[in-house]
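# Observations on chain architecture
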Amino acid sequence: MTDHAPNEARVIPLRPGPAASGPPAPPATAPREPLWRHLVGDVLRKERQAQERTLKDVADAARISMPYLSEVERGRKEASSEVLAAAAGALGLGLGDLLARTHAELVRVTSHRSAVPARSVRNGSVRHGSVRNRAAHGGLCLAA
């Protein structure tokens, strides 16, 4: 005779539910970093609108589908470098221009978070500073 234990697995929820007593605790409000695809999409859309061009016009010039370009502009698709270069080119920009504008937008959006000091290394020296300062000086950022 063999003794069989019930075959039960212990399940650990990914998100713990509310506590049994009292109201649920408010979620942590840690600021989230913006996603690159959202920033790139915003830059592409702003440039297209500044040129007063339609989505169809730019998509045709870039040789990509209009629905796909729309998804890229809305930050729903992570476009390849080829697609980004084509969209930028259709707007009269180089890929470097698009990336530089996106970087500037990232710095603008995250500049209010500069209260948290981080270490950066440049030319062998350790520097402390804001995101904006590190970006402006091209320093390598390391976790503190």
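Placed above this text is the structure.
Since the model is a prediction, treat every value here as computed from it, not as a measurement.

The next thing to look at is the overall build of the chain. Each helix and strand in the chain was counted, giving six helices and three strands. When the helices and strands of the chain are placed in sequence order, the string is α-α-α-α-α-β-β-α-β. Expressed as a percentage of its 144 residues, the buried residues of the chain come to 26%. Across the chain, every contact between residues at least 6 apart in sequence was considered, and the portion connecting residues at least 24 apart equals 53%. On the chain, roughly 10600 Å² of surface is accessible, and the fraction owed to carbon and sulfur atoms is 56%.

With 19 residues, the main nonpolar core has Leu44, Leu69, Leu84 and Leu98 as its most contacted residues. Secondary-structure elements contributing two or more residues to this core are α1 (36–50), α2 (55–62), α3 (66–73) and α4 (81–90). Per element, the largest residue contribution to this core is five residues, and it comes from α4.

Time to look at the pattern of salt bridges. Within the structure shown, the criterion is met by nine salt bridges. Where Glu78 meets Arg37, a salt bridge forms, and the shortest distance between an N and an O atom there is 3.7 Å. Note that Glu78 is positioned in the loop between α3 and α4 and Arg37 in helix α1, a separation of 41 residues in sequence. Taking relative accessible area as the criterion, Glu78 reaches 53% and is therefore assigned exposed. Residue Arg74 pairs with Glu71 through a salt bridge whose shortest N-O separation is 2.9 Å.

Right, let's talk about unusual backbone geometry for a bit. Even without a glycine there, the phi angle at Glu52 is positive, about 55 degrees. Relative to the helices and strands, Glu52 is located in the loop between α1 and α2.

Conventions we followed
- Residues numbered from 1 in each chain as written.
- Predicted model: local features only at pLDDT ≥ 70, side-chain atom pairs only at ≥ 80, totals over all residues.
- Heavy atoms only, no water.
- Helix = DSSP H or I, 4+ residues; strand = E, 2+ residues; numbered from the N terminus.
- Buried < 20%, exposed > 50% of the residue type's maximum accessible area, 1.4 Å probe, protein only.
- Contact = heavy atoms within 4.5 Å.
- Areas by Shrake-Rupley, 256 points an atom, 1.4 Å probe, with all protein chains shown as cover.
- Core = buried A, V, L, I, M, F, W, Y, C linked by side-chain atoms within 4.5 Å.
- Salt bridge = Lys/Arg side-chain N within 4 Å of Asp/Glu carboxyl O.

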